[in-house]
Structure formats: C-alpha cells, structure tokens
Amino acid sequence: MQIIQQRKYAYWFSGIITLASVVLIVLWGLRLGIDFKGGTLMEVRFASELYPIPSLVEEELKPLSLQSLTIQPTENYGMLLRYLASNEKANDGVLEKLKKIDPNIQLLRTDFIGGSVSNQIKQHAFSGTLLSIIGIALYIAWAFRRVSYPINSWEYGIGAVIALMHDILITVGVFAVLGHFHRVEVGVPFI
C-alpha cells in the first residue's frame, strides 16, 4: 500500500477532527471540577463491618443534590468526598446522611477549596503547560542541531509543538464531549 501518496486523506481527517474539537471546546467548554471552581473535601472513616461501597454512599447523598460529587475510597475504611458546596449546612447534611449508613462514622477532616486557590491552580496549570511546550521545542531543536539540511533544527522543534497542540486539542475536545454527555469533570490530574 502506498502510504505516503495517501497522506492527503490523513491530513483531511486530522484537520476535520481538530476543527471539530475546537468547535466543541468553544460551544460546550470543559466541565471543571472543584479543583478549578472551589468546594469541599471531606474525609471520613467508617467502622470496618459497615464499610459501604461508593455507589451506596452516592445513592444516600443523592437527595442533597451535591454538584460535582466524587467519592474515593481510602485505606483503613476511609472515604474522600469532594463536592462543590462549601458551607457548613451542606457539610452537616452530608455527615447526617452518612450517619444513616454508620452511626459511629468519624469525621477526619473537612477542607474548603476557595475560589482564590482555584484561580491560582488555573494560572499554574496554564503557565506549566506553556513552559513545557517551550521546553519541548528547545530540547528538540537542540537534539537535532546537527541535522541542518534541508531543514533547520529549530523547525523540528516547531513541528513537534504543532503536533503536540494537535494532540492536545483533540484530547480536550474528547473531554468536552465526555463532560457534556457523561458529566466527566476535569481537575488537576487532567492537566
């Protein structure tokens, strides 16, 4: 099969997917989690014989209509709960619902993530991404410094950055679709 002669189809496919990703990002955006919006992080510990599965905890908390609720099991029968509400009334409601599962539940900690912290995380994520792209371009230019004909070494770095931006746009576009249809949120691990 003549792959190189068929490259125009790959260019068209790549261009269409990239353009679709940009349009979806503009239309729907990303569904941001509490790392970027602020909210509450609560850690609790259950008795060993009453340790529930996360879906049971989620079902018990459903009447509270907590936005961006994520439940993560931890060691020693513990759970981390993250949600957007950051007030004592919501926290008391969560603890009250959890006591229906285990009356002797222990509240280990409750941390609030404020808007200023989330704005700082956004700024660090953006600057970290930008610095890594510049670093990649400089490294590739340095690695190909002895290859000068017919392309200059810095052009390899620019080509790598364009390919990286292409891949990032498509990945972010996929997460825009997942956030819109399946409520998948992005946080610091996504960055």
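Okay, so let's go over this structure. Since the structure is predicted, the reported quantities are computational estimates derived from the model, not experimental observations.

Reading guide: rules and limits
- Every chain's residues receive numbers from 1 upward, in the order its sequence appears when written.
- Restriction of local features to residues with pLDDT of at least 70 applies here, the model being predicted, together with a cutoff of 80 or more for giving and counting side-chain atom pairs; totals for whole chains, interfaces and linings are based on all residues.
- Calculation of side-chain values draws on the structure's entire complement of heavy atoms; hydrogens and water are dropped beforehand.
- Runs of H or I in DSSP of at least four residues are treated as helices and runs of E of at least two as strands, each being numbered from the N terminus.
- The reference for a compact globule is 2.2 Å times residues^0.38; the radius of gyration itself is calculated from the C-alpha atoms.
- Partly exposed describes any residue whose relative accessible area lies between the buried limit of under 20% and the exposed limit of over 50%, with all areas from a 1.4 Å probe on protein chains only and scaled to the type maximum.
- Here, residues are in contact when the closest pair of their heavy atoms is within 4.5 Å.
- All tallies of charge rest on Lys and Arg as positive and Asp and Glu as negative; His and the ends of each chain are not included.
- In this description, the location of a charge corresponds to atom NZ of lysine, CZ of arginine, CG of aspartate or CD of glutamate.
- Site definitions follow a grid-based scheme: protein atoms alone, a 1 Å grid, a 1.4 Å probe that fits but cannot get out for cavities, and for pockets an open set with protein on both sides within 12 Å along at least five of seven lines, plus lining residues having an atom within 4 Å of a point.
- Grid points are joined across faces, edges and corners, and a volume is the space filled by probe spheres set on the points.
- For this classification, Asp, Glu, Lys and Arg are treated as charged, while Ala, Val, Leu, Ile, Met, Phe, Trp, Tyr, Cys and Pro are nonpolar and the rest, including Gly, are polar.

1. Looking at the overall build of the protein
Right, on to step 1. Secondary structure summary: the protein contains six helices and four strands in total.
Right, on to step 2. Along the protein, from the amino end to the carboxyl end, the secondary structure elements read α-α-β-α-β-β-α-β-α-α.
Right, on to step 3. Radius of gyration (C-alpha) of the protein: 23 Å, far over the 16 Å computed for a compact globule of 191 residues.
Right, on to step 4. The principal-axis extents of the C-alpha atoms in the protein amount to approximately 75 × 35 × 30 Å.
Right, on to step 5. When the 191 residues of the protein are sorted by exposure, 28% land in the buried category.
Right, on to step 6. Residue pairs at least 24 apart in sequence account for 72% of intrachain contacts in the protein once pairs closer than 6 positions are excluded.
Right, on to step 7. Averaged over its 16 positive side-chain charges, the protein has a centre that lies 10 Å from the centre of its 15 negative ones.

2. With respect to the layout of surface pockets
Right, on to step 1. As a volume, the largest pocket reaches approximately 570 Å³.
Right, on to step 2. As for the largest pocket, its lining consists of 19 residues, and the residues nearest its centre are A125, T129, I168, F190 and I191.
Right, on to step 3. Breaking the lining of the largest pocket down by element, the ones donating at least two residues are α5 (115-143) and α6 (153-182).
Right, on to step 4. Considering each element in turn, the lining of the largest pocket owes the most residues, seven residues, to α5.
Right, on to step 5. Residues that form the lining of the largest pocket fall into these classes: 14 nonpolar, three polar and two charged.
Right, on to step 6. Of the voids in this model, the second largest pocket is the one considered here, and its volume is about 330 Å³.
Right, on to step 7. Taken together, 18 residues make up the lining of the second largest pocket; nearest its centre are G33, I34, S68, T70 and E185.

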